[in-house]
Amino acid sequence: MITSDSAPEVSVSLFATRPAVDLAIGRPALPLRHIAIQTERLLLRWLRHPVVLLETLIIPCLLLFVLDTVIGNQVGRFSGRSALYGSVPMVAVVGALSGAAAGGAMLWREREAGLLARFWVLPVSRGSGLAARILAEGCRILVGTSVIVAFGHLLGFRFHQGLPAAIVFVLIPVLFGLGFATLVMVIAVLAPKATLVESMTILTSLLMFFSTGFVPAAAYPEWIRPVVQHQPISVTVEAMRALSEGGPLGRPLLLTLVWSLGMLAVFAVPAALGYRRASRR
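Residues numbered from 1 in each chain as written. Predicted model: local features only at pLDDT ≥ 70, side-chain atom pairs only at ≥ 80, totals over all residues. Heavy atoms only, no water.

A. Fine view of the packing of aromatic side chains. Counted according to the given criterion, the structure contains 6 aromatic pairs. Residues phenylalanine 157 and phenylalanine 159 carry aromatic rings whose centres are separated by 5.2 Å and whose planes lie at 80° to one another, so their mutual orientation is edge-to-face. Overall, the relative accessible area of 1% leaves phenylalanine 157 in the buried class. Residue classification places phenylalanine 159 among the partly exposed positions, given a relative accessible area of 31%. Here phenylalanine 157 and phenylalanine 169 contribute two aromatic rings whose centre-to-centre distance is 5.7 Å and whose plane-to-plane angle is 40°, an arrangement assigned as tilted. With phenylalanine 157 in the loop between helix H7 (128-155) and helix H8 (163-190) and phenylalanine 169 in helix H8, this residue pair connects regions lying 12 residues apart in the sequence. Each residue in the set Tyr85, Phe157, Phe159 and Phe169 is aromatic and connected to the rest through ring pairs, giving one cluster. (Phe/Tyr/Trp six-rings, centres within 6.5 Å; stacked < 30°, edge-to-face > 60°. Buried < 20%, exposed > 50% of the residue type's maximum accessible area, 1.4 Å probe, protein only. Helix = DSSP H or I, 4+ residues; strand = E, 2+ residues; numbered from the N terminus.)

B. Region of the structure containing the side chain of threonine 145. Mapped onto the elements, threonine 145 comes out in helix H7. A residue is classified by how much of its surface remains accessible, and threonine 145, at 1% relative accessible area, is buried. Apart from the residues within four sequence positions on either side, threonine 145 is in contact with Ala92, Val170 and Pro173. (Contact = heavy atoms within 4.5 Å.)

C. The arrangement of the environment of threonine 182 in detail. Relative to the helices and strands, threonine 182 is located in helix H8. Threonine 182 sits 89 residues away from alanine 271 along the chain, and the two C-alpha atoms are 6.3 Å apart. Those residues in contact with threonine 182 that lie beyond four places of it in its chain are Met263, Leu264, Phe267 and Ala271.

D. Structural view of the pattern of salt bridges. Evaluation of the coordinates by the stated rule reveals 7 salt bridges. Residue arginine 45 is joined to glutamate 110 by a salt bridge in which the shortest nitrogen-to-oxygen separation is 3.7 Å. Of this pair, arginine 45 sits in helix H2 (residues 31-47) while glutamate 110 sits in helix H5 (residues 84-113); the two residues are 65 residues apart in sequence, bridging distant segments of the chain. Residue glutamate 110 is classed as buried on the basis of its relative accessible area of 1%. Among the ionic pairs, glutamate 110 bridges to arginine 133, the shortest N-O distance being 2.3 Å. Here glutamate 110 is found in helix H5, whereas its partner arginine 133 is found in helix H7, with 23 residues between them in sequence. When salt bridges with common partners are traced through the structure, they connect Arg41, Arg45, Glu110 and Arg133 into a single cluster. (Salt bridge = Lys/Arg side-chain N within 4 Å of Asp/Glu carboxyl O.)

Here it is in structure tokens:
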């Protein structure tokens, strides 16, 4: 469980020593510089935080190993194909979502410690904080997905649809994870307690166990099967399965884009407004 009783120890000297105007060329400092600095700060903080490393890399790889060892053969006999082509995509997506929840808890602590408000009064581009978080989330998910795919390769996972399909395979968790991360950001900047942010891991666990990446849809009771087949992790897993093993791609990929872009469209503006409000406390 992620605890929220410790304030973040983050130095803001990088921003304090950078003028708002580049005196050498007489123009405002580029916002891209501020985004790059804040992205670096977040990535370094996550690297030094054991919970984020556990949620993003270690636990997903252990989960993949356990799934393949315990139920892999049974799922393979039931479905007639390797279970890895469902479990590797599922674990990659769940790792992205779990890491986003851990990052959201850290954002909540920074908000409560007043760090966001300190950034607000410094000569820093106002939009760089939120942009840096989105960029850092994308980098984290990309690295985590690559590690999970590499670990799955050791277990027997292979790409059979060529390099372009493999690239799209790796990018799908990034897009879906960013959509989920915007939802987590909304909760993190508005929630009165960190418990609400941490509870997102319960949601991701439920979606994982009731997805077609865990066991085939036919293994679930008939009354819940439509929910399992159309929930976001299932459609994402099916799209990634088609990109790696082969099979129908159009419908699951379209539904994945609908879920991912839908979350971005619905929660992006509340996340930006909530982040601004939290920064001006």
